Each structure stands twice: as C-alpha cells, then as structure tokens.
Amino acid sequence: MSNALVSPASNKALMLGNEAIVRGALESGLGFFAAYPGTPSSEILDAMIDIAKVLGIYAEVSANEKVAFEACLGASWSGIRAMTSMKHVGLNVASDALMSAASMGVRAGFVAVVADDPSMWSSQNEQDTRIYARFANVPVLDPSTPQDALSLTKKAYELSEKYRTIVILRTTTRLSHMRGEVETGSLPQGYGKEKRYIGEFKKDPDRFVSLPQIARRNKLEHVNAMRKLEEVEGDKLVEIEHADGSDLGIITGGVSYNYIKEAETWLGISGLRIMRTMMSYPLPRKPIADFLKSVDKVLVVEELEPVIEEQVKLIAFDEGIDVEIHGKDLVPRDFELTPEKVAISLSRFLKLDPPIDFELLERMGKETSALAPPVPPTLCPACPHRSTFYAIRKAATNRAIFPSDIGCYTLGYYPPLKTVDTCVDMGASVSVAHGIAVASRGDGGKTVVATIGDSTFFHSGLSALANAIANGSDFILVVLDNGTTAMTGHQPNPGSAEGNRGKRISIEEVAKAMGADLVEVVDPYDISAVVGAMKRAMEIKGVRVIVARRECALKSISEKRRKGETWKRYAVNAEKCTGCKACINAFGCPAIKWDASNKKAYIDPEMCWGCGSCAQVCPFDAIKVVDDGV
Amino acid sequence: MEYNIIISGIGGQGVLTVARILGEAALYSGIKVRMSEVHGLSQRFGSLFAHVRMGEQVYGGLVPMGKGNMLLALEPAESLRYMHYMKKGGALVLNKNPIEPPQVSMGLFNYPNLLKIKDIATEKFGLRVIEVDAKKIAAEAGGELAQNSAMLGAALEIPGFPLTREAIVYAVRKVISSRYADINIKAIDLGSEETKKIVAAIF
Ligand SMILES: Cc1ncc(C[n+]2csc(CCOP(=O)(O)OP(=O)(O)O)c2C)c(N)n1
Ligand code: SF4
Ligand code: SF4
C-alpha cells in the first residue's frame, strides 16, 4: 500500500495519474467505490480495494460497469460520496444508466472516471468519452498531469454537489499511466476511525422514479443546472497564458497541453496565447468568446474527436466573431497525439519549418524496427488457456468455428493455437456463436466452439447464454475459468474463490440451472480429459457447456514467489527428442526454445512454470520433470 | 537541463521497475520527472517500453522523437524499435543477452545478429553503444534477477546522466523488496565498474 495515498497529512510523492485520482477522491471525502476493471483505469480500482479497510471506505469489484455505476448512484442518493472508474468501452455498458440518471441528478457527489485509450494500446476500439458527456449533457473534466488529476477530481466533487449532477472525469492512457511528482492535500477528519459509508436514503419518488411526467421536469431542471454551471464556473476552469501575447492563439486541453508547451520550446517560439480548458463540455462560453476576440487565428489542439473544436466554432458563429479557426485540418484525429505530431501541427499552423524531419525519422524507424522479430503478447508459460485451446483444437479439428471473447485468452488468436476466430465486445462470444450456429448450417454444419473467460462470463455472458438456451441454439461453450480477471491485473469476479465480499457463484450450477444440454468440469492441465469432454459434447446437439478450471498460472507463480516457494520444472531429454517441433509449432509455450545447431527443443528453466502440458503434447515422451520443486 | 530515457524490453523483464527506480531517484534528487508506462496487454511477454524524462522544461510523459539521450535496452533486438527516438550522439546501453521470442523458435523469423544491431546504432543513428553483459554481472552479484541493476550501473557511467549512485541506491531500496536489495546494489557497482573503460574509449 502506498503511504502517499493513505497518509492523513499532505505529502509529496511520485504518483500515477490514476493514483492521483484516488487521492483526490479521498481528499474529497469519498465513502463508496464500485468498479469493474479495464485498462487503463484498473489501478484506480486496485488502489481503492487495497486501502478500503484501512480508511473505512466501501470498495468492491463489481460484476460489470453498469452494475457499478448504478450502485454508486444508490450510494450517492443515500448521501455518500461515490466514485466509479472504467475504461472507455465500460461506459458503453453503463451508458443506459448514465443517460437516464444524468437528469435525475445526485445527492452526495458522484464522479465517474472514464479512461480513454487513444491508439488502442489495450483495447478493441478507440472512442472519445467527451462525446458521451455531451450526449448525456453532463460536465466532463480533462486533466493534463497527475497533479492536475488530483485537483480536478476535487473540483469534480465540488461541481457534482453544487449542481446536483454526475460529473465525468476523463483520462487517457497517457495520463492514467503517466507518473510524476504530486503534492497532495490532507485527508478530511475521520478516515480510518469510522465507516465512511453509513448514510441514509431519504425517499423522494418525485425525483427518483423516472415516470414520464417526472422525467420531463427532471430534464428541464438538469438543463438549467448545466447552463448555470457553465456560466458560473466557466472562467474558473480555463487558464490563459500570455494574455497579451501575439494575435495567434491555441485552445487545448488534456495531455495535448503538455505537447503544446514542449513544441513551443522545440520550435523556439514564445508569446503564443494559450488557453487550456479543463472542462471540455460544456465549453466555457464567455471565456472562449473573449479569447477568440483577442486573436486573428486560432488552432484547437485536442486528441481524438473535435469536441472542443466544434463548440468553439459554434460559439464563434453564434457571437459573430471574425476569427480563423483551425483544428482537425492540421491535427491528426485518429490515434494518440505525440509531442512530434503536435510540433508538426503547430509548425504548419505558424507556417514554420518543422523542428525535425519527421517523415525521414519515421521511415528510418520503420526500416529498423522491421529487423526486430515481432514480439506480440503471448499467453504465459503454463497458462491453462493454452492447454485448453490445444485440446479444443485437437478434438474439434480445424473445421470448427471458434467465436471467442476478451481477456488473456484472446491471445489464442496467434499461431500456433489459432483458436480465436472472432472477438467483438465482452460477452459477444456466446451471442455471436448463437448467430453463427443458426445461420451457418449451409455447409453441412460445422461445429461451433465458443470460448469465454470467467470474468467475462459474469460480466455479460449470462444473458447471452440464457438467450441461446431459450432459443434452442447449437454450440459448445467452453468457459475458461482461471478464477480471476487476469488480463487487467487479477481482480476477483463472482466465480472467484477469494477476494469477494459475499458468496462464490458456481458457473456449472448456473449453466445447469439454465438448462444447458451438457455440463462438464475439466482440468486444463489434463489434456486428454479436456479432449474427452469435447468429444462427448460433440456427440450431442444443443447448448453444451464445458468449464475448464485451473488457476491462472501467473497468479499462482507470483504467490509462490512471494512466499518463497518453489515449483516443478520440466526438461527435454535430448536423446529422445526427434526435433519434430510439436511442442513449439502446435503448442507454443514460450519457455520452450529451439536449439538450431542441434535441431532439438529445450526448455528455459527460468521460464518453466511446471504445468506438465508439454509432456503430454510430445509424441516421443521426451519431456519429463527434472526438478520436482521441493 | 532535459534528459530523456527510453527503456525497452520484453514484458516480464522488469521494464516498469527500472522506470520506477529512475523516477524515484529523480524525485529524491529534486529533479522534475515525468514518466510514461505501458500497462495491460503487452505485459504478457510482449514488446514493452517506458519513458523517463527529467528536467524543468519537461511537461508530458513521452520522449519526443529525435530528442532521446539514452536508450536502455534490456534485450538487444528490442533496441531496434526506438533508435530513431534518440539524438545523434546519444547512448545505447545494451544488454547483450537475447531472449528468443516464440516467432523465432517457430522458425517464422530470424533473430538479428548482435553485430548488426550495434552497427545500425552507430552507423545509421550515430549512437554510442555501451554493451553490457548483464547476465554475467548479475550472476557475479548473486542472482540473475539483478540484470537490470547492472544496466543501471552502466547508465551511471554515461557522461551527462543526471542521477547519482546515491540516488539510484536509495531508489533501489525503496522499490525493490529488501530481500534482494543488496544483490542489486552489488550489481549496480559491478555494472559501473565494467562500463568505465568502454565509456572512456567512446565518449
Ligand atoms: C466493457 C469492457 N470492460 C472491461 C474491459 C477490459 N477487459 C478486457 S478483458 C477483461 C477481463 C478478462 O477476464 P476473463 O474473462 O476472466 O479472462 P482472463 O483475462 O482471466 O483470461 C477486461 C476486464 C473491456 N474490454 N470491455
Ligand atoms: S496472466 Fe494468467 S490467464 Fe493471463 S496469460 Fe498469464 S497465465 Fe494465462
Ligand atoms: S511444463 Fe512445459 S508447457 Fe508447462 S510451463 Fe514448463 S515448458 Fe511450458
């Protein structure tokens, strides 16, 4: 646990943007936290879980983002300051709640942190949360640095309570995972001494029951509150540099501000009028209008969609301001901005030579990188998913269709496993499998074998499975149950043995209760058992569920390392190895390497985590335990 | 002063830990620091990088292309992805021990020759290459896990590197489990020692 997060007094520490948000929430008197993990937001959840007991706050890993969002709403309505956090696509899941709750408003402050992932470092798509803020008509704050993340989190709570509105705090990968020095404030009294989540729900059905006549009144009240917020708070949420500078202006926000500051030095210019807005929606109208009147030409620099730009253009039009406005004509709209991209946009705006020959450097970079072997992420050594995928392929052959889902197991896409044919959004494995099973009977009916992780199953697989069974579908669903939400850092889910506040839910009992036509539980490390279950499943029709259960290897090895325990290691007997490469080309554990001079496989002892699967894969019985780890 | 470092390697090698150590050392030294880390998918044995930036003029977490002072490559081939971020005359501190990725084991790709990597760094990008046998040094210090500390020891010898041994040692004690701190500090000193001569020859 980081001291800087829980220390009652103010202090200075190196913090991630995400940690600064946690501290900001605590300094604002947070009592209730609920979230589902997702890169790049997960460290907020992890930190909250970590400190909850010590500080007396309530923190839970929720089953999905919608559930978390609504739980926070309930807490806020009970007078407890609440926060949820999620990745950008999490808000798609929670958007139903957001769109209705927006106009119903809050009682105690409620801040939803939403982390965008420009360039899709760890995501299936790129989307701009600020558009959701505009859609739902709630304010969105957009910090630039970790320090800023702390202070804007506090500002968000202030606005939320003053105007009774949900506030979105939007971060991006670059900010969430930026580390920098942060000076914290102090915590309010009472943390650690009492439970901070004991409130009271005061009934107010005329606000909290969104029947049409109530919803109409709520909507107008909310629209008014938002108008007032923009008018009253607007000028406190902008910063202007060089107010008496040149007649060229920049309007920016979020991490783009950093790149503008660096581009200034890089290009050797000074005196540019820079307006940084900390609120991207609603854009503070009067300060923007005044700024536009003070310049001849302005460049809007923002990452992803032209959210600020479009509002700036509207304001200029409405107020009849004669100013040349540039934005996405000069600044890239797709993918993450970088210092060099912004320096080039700025040099084009100012009609200066770019500070570097960007195209040349990029070309040289491409040529050089092409010599490096591609190293995409891989399933860990001993990962149970690998063994399950291998067994599925062995039983179902190449002719089967493999809809899959999101998690570590999406890496089954890569050779040699190639058992992931589709991946859309969480839970889609089951529903897409259903659609394929119904619609692709034309070519004689291929077997459809869907895979889904345990966390994803509880997140949004449940309703899809109910639908498939109720509609008499025909596919095999293999639940890859490693007992955790591995991809995002091993948070518990409702099926986990530990880490939850309440009861564990059994996946196989759920499947049975829903009426699946076959339910089996197998151990992925026993490859022939998985193949056997697959074969039995393939003999019948209907929705068949196989639960492949074995703890995540990384989780179990990390625990062993922490406790100073050892584990088994396997090695290849060079005399028996014929060099067939089955262990590498069909199975592909990263601990197994190829000795090109001897034409034999060998196992890197540092990387072998001892699952024994490769020993079952080797057709020549050449792989054996060499160190039983005791 | 502005000093930009990129650390490159493969998930599991400790890229983020090295970054943390540098960051804490900068904070300890009263130097403004901004870092970018990559969390998530790539941590599963994929290519991984972190940026560490020090100096008053530094705002964002990303090293601007062509402005890097040091590339700390924990794995040789991984250095190839970031050389174009370095300045001419910048330092490439290179752990000479390759980690063979699955695509190479599968025969889908050839691992580049170490001499060629160094050649590209010097000829094409004008970098000064400091080759470190971090594996050997770590073994000498008492454990293979201390390879990255050997690399930090080497970095300490590069002219212009803004952090002191004292600051790095402080940060190692703060970031690394106390059980392994001494081995790592020994690796730092051995790394420095081995590097002194090479640095004297090329700087
Ligand atoms: C709506 C949504 N929320 C969160 C995420 C981030 N995310 C990707 S995979 C995953 C969970 C994976 O857990 P599980 O299904 O158990 O598979 P594992 O990684 O353990 O193999 C999460 C939370 C996402 N992609 N979409
Ligand atoms: S973290 Fe766990 S589930 Fe993910 S690849 Fe590693 S072993 Fe497999
Ligand atoms: S036993 Fe084989 S498959 Fe399992 S981790 Fe070791 S090398 Fe990999």
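Residues numbered from 1 in each chain as written. Chains lettered and ligands numbered in written order. Predicted model: local features only at pLDDT ≥ 70, side-chain atom pairs only at ≥ 80, totals over all residues. Heavy atoms only, no water.

Another point: the overall build of chain B. Looking only at helices and strands, chain B has seven helices and six strands in total. Along chain B, from the amino end to the carboxyl end, the secondary structure elements read β-α-β-β-β-β-α-α-β-α-α-α-α. Compactness check: chain B gives a C-alpha radius of gyration of 16 Å against a globular reference of 17 Å for 203 residues, within 12% of the reference. With the principal axes as the frame, chain B shows a C-alpha extent of 50 × 40 × 35 Å. Looking at chain B as a whole, 62% of its 203 residues are labelled buried. Long-range contacts, defined as pairs at least 24 residues apart, comprise 67% of the intrachain contacts of chain B with a sequence gap of at least 6. The positive charge centre, built from 23 side chains, and the negative charge centre, built from 19, are 4 Å apart in chain B. (Helix = DSSP H or I, 4+ residues; strand = E, 2+ residues; numbered from the N terminus. Rg over C-alpha atoms; globule rule 2.2 N^0.38 Å. Buried < 20%, exposed > 50% of the residue type's maximum accessible area, 1.4 Å probe, protein only. Contact = heavy atoms within 4.5 Å. Lys, Arg positive; Asp, Glu negative; His and termini not counted. Charge placed at Lys NZ, Arg CZ, Asp CG, Glu CD.)

In this structure, A:Leu346, B:Ile7, B:Leu22, B:Met83 and B:Ile168 are the most contacted members of the largest nonpolar core, which totals 101 residues. Broken down by element, this core gets its largest block of residues, eight residues, from helix H1 (residues 15–28) of chain B. Each of domain 1 (3–210) and domain 2 (238–363) of chain A contributes no fewer than three residues to this core. Formed by 86 residues, the second largest nonpolar core is a distinct cluster that contains A:Leu379, A:Cys380, A:Val449 and A:Val531. (Core = buried A, V, L, I, M, F, W, Y, C linked by side-chain atoms within 4.5 Å. Domains from an automatic or database assignment.)

Owing to its 3.6 residues per turn, the α-helix brings residues three or four apart onto one side. Residue and element names in this part refer to chain A. Along helix H19 (residues 507–514), the residues classified as buried are Ile-507, Glu-508, Val-510 and Ala-511. The buried residues of H19 occupy an angular sector of 160 degrees when projected down its axis, which confines them to one face. Downstream of H19 by one or two residues, Gly-515 has phi in the positive range, about 95 degrees. (Arc of directions from axis to C-beta.)

What follows covers empty space enclosed by the protein. With a probe scaled to a water molecule rolled over the atoms, the places where space remains empty come into view. Residues and elements named next belong to chain A. Applying the stated rule across the entire model yields eight cavities of 30 Å³ or more. Estimates place the volume of the largest cavity at around 170 Å³. Along the wall of the largest cavity there are 15 residues; nearest its centre are Pro-377, Thr-378, Tyr-414, Pro-415 and Pro-416. Of the residues in the lining of the largest cavity, the class split is eleven nonpolar, three polar and one charged. (1 Å grid on protein atoms, 1.4 Å probe; cavity = no way out; pocket = protein on both sides within 12 Å on 5 of 7 lines; lining within 4 Å. Points joined across faces, edges and corners; volume = space filled by probe spheres on them. Nonpolar A, V, L, I, M, F, W, Y, C, P; charged D, E, K, R; others polar.)

Near ligand 2 the following residues occur: A:Leu379, A:Cys380, A:Cys383, A:His385, A:Cys408, A:Asn482, A:Ala486, A:His490, A:Cys552, A:Ala553, A:Leu554 and B:Arg44. Broken down by class, the residue content of the shell around ligand 2 amounts to eight nonpolar, three polar and one charged. (Near = heavy atom within 4 Å.)

A grouping of B:Ile198, B:Ile202 and B:Phe203 is seen on the molecular surface, where their side chains present a nonpolar patch of about 200 Å² in accessible area. The exposure class of B:Ile202 is partly exposed, given its relative accessible area of 33%. (Patch = residues over 30% accessible without salt bridge, like charges linked within 9 Å, V, L, I, M, F, W, Y side chains within 5 Å. Areas by Shrake-Rupley, 256 points an atom, 1.4 Å probe, with all protein chains shown as cover. Salt bridge = Lys/Arg side-chain N within 4 Å of Asp/Glu carboxyl O.)

All names here are of chain A. This model, assessed by the stated rule, comprises zero disulfides over all chains. Cys-583 forms no disulfide, and the closest cysteine sulfur to it belongs to Cys-580, at a distance of 6.5 Å. Since its relative accessible area comes to 8%, Cys-583 is described here as buried. (Disulfide = S-S within 2.5 Å.)

In this section: the sheet that holds strand E7 (residues 167–172) of chain A. All names here are of chain A. Within the open sheet, the seven strands sit side by side as E3-E2-E4-E5-E7-E6-E12. Their pairing is mixed. What marks the edges here is a single partner per strand, and that holds for strand E3 (58–61) and strand E12 (279–281). The pairing of strand E6 (residues 140–141) with E12 spans two bridges and is classified as antiparallel. Opposite Leu-141, over in E12, you have Met-279 as the bridge partner. Contacting strand E2 (32–35), strand E4 (82–87) and strand E5 (110–116), helix H4 (residues 65–77) runs over the sheet at an angle of about 165 degrees to E4. (Pairing = 2+ DSSP bridges. Axes fitted to C-alpha atoms, helices over the stretch in contact; angles between N-to-C directions.)

To continue, consider the environment of A:Glu359. Of note, A:Glu359 is situated in helix H15 (residues 358–369). Linking A:Glu359 and A:His326, residues 33 residues apart in sequence, is a C-alpha distance of 23 Å.

Next up on the list: the site of ligand 3. In the vicinity of ligand 3 there are 14 residues, among which A:Cys589, A:Cys608, A:Cys611, A:Gly612 and A:Cys614 approach most closely. In terms of residue class, the shell around ligand 3 is built from twelve nonpolar, two polar and no charged.

A ring pair, where both rings are aromatic, is described by two values, the distance of the centres and the angle of the planes. Tallied over the full model, the rule gives 15 aromatic pairs over all chains. Considering the side-chain rings of A:Phe201 and A:Phe208, the 5.9 Å spacing of their centres and the 35 degrees angle between planes classify their relative orientation as tilted. By relative accessible area, A:Phe201 is classed as partly exposed at 44%. Aromatic side chains B:Tyr82 and B:Tyr85 sit 6.4 Å apart centroid to centroid with 50 degrees between the ring planes, which places their arrangement in the tilted category. Side by side, B:Tyr82 and B:Tyr85 carry an identical accessibility label, which is buried. Members of the aromatic cluster, each reached through a chain of ring pairs, are A:Trp121, B:Phe49, B:Tyr82 and B:Tyr85. The ring of A:Phe587 carries A:Arg386 above its face, with NZ or CZ at 5.9 Å from the centroid. The ring centre of B:Tyr59 lies 4.8 Å from the NZ or CZ of B:Lys32, which sits over that ring. (Phe/Tyr/Trp six-rings, centres within 6.5 Å; stacked < 30°, edge-to-face > 60°. Lys NZ or Arg CZ within 6 Å of the ring centre and 35° of its normal.)

What follows concerns the interface of chain B and chain A. Taken together, the contacts link 57 residues of chain B with 67 residues of chain A. A buried area of about 5300 Å², summed over both sides, lies between chain B and chain A, and 63% of it is on carbon and sulfur atoms. When the buried surface of chain B facing chain A is broken down by residue, B:Arg44, B:Phe45 and B:Met65 rank first, second and third, together holding 15% of it. For the pair chain B and chain A, the interface holds four salt bridges. Where A:Glu181 meets B:Arg34, a salt bridge forms, and the shortest distance between an N and an O atom there is 3.1 Å. Counting across the chain B and chain A interface gives 19 residue pairs in polar contact (both at pLDDT 80 or more). At five residues, the largest contribution of residues to the side of chain B that touches chain A is made by strand E2 (residues 33–37) of chain B. Here the side of chain B that touches chain A is composed, by residue class, of 27 nonpolar, 15 polar and 15 charged. Judged from the three bridges that link them, strand E8 (residues 178–183) of chain A and E2(B) form a sheet pairing that is antiparallel. (Buried area = accessible area lost by both parts, 1.4 Å probe. Polar contact = N/O pair within 3.5 Å; in protein donor to acceptor, adjacent residues only side chain to side chain.)

Before going further, it helps to examine the packing of helix H5 (residues 88–104) of chain A against helix H10 (residues 212–233) of chain A. Residue and element names in this part refer to chain A. One can describe the packing of H5 onto H10 by two numbers: an axis separation of 7 Å at closest approach and a directional angle of 75 degrees. It follows that H5 is roughly perpendicular to H10 by the angle criterion. Packed against H5, whose contacting residues are Ala-102, Ser-103 and Met-104, the element H10 presents Asn-218, Lys-219 and His-222 at the interface. Broken down by class, the residue content of the contact of H5 with H10 amounts to two nonpolar, three polar and one charged. (Parallel < 35°, antiparallel > 145°, perpendicular 65-115°, else oblique.)

So, on to unusual backbone geometry. Of note, the bond from A:Thr39 into A:Pro40 is cis; its omega dihedral lies within 30 degrees of zero at 5 degrees. Tracing the backbone shows A:Pro40 in the loop between E2 and helix H3 (42–55). We note that B:Phe45 has phi near 65 degrees; this positive angle belongs to a residue other than glycine. Relative to the helices and strands, B:Phe45 resides in the loop between E2 and strand E3 (47–55).

The next subject is the pairing of strand E15 (residues 449–453) of chain A. Within a regular beta strand, the side chains point alternately toward one face of the sheet and then the other, so they alternate between its two faces. Residues and elements named next belong to chain A. Counting buried positions along E15 gives five out of five residues, so the element sits mostly inside the fold. Here E15 shows no split at all, with Val-449, Thr-451 and Gly-453 on one side and Ala-450 and Ile-452 on the other all buried. Relative to strand E16 (residues 475–481), E15 runs parallel, the two sharing five bridges. Opposite Ala-450, over in E16, you have Leu-477 as the bridge partner. This β-α-β element, E15 to helix H18 (residues 454–470) to E16, shows right-handed connectivity. (Right-handed = clockwise from strand over helix to strand, strands pointing away.)

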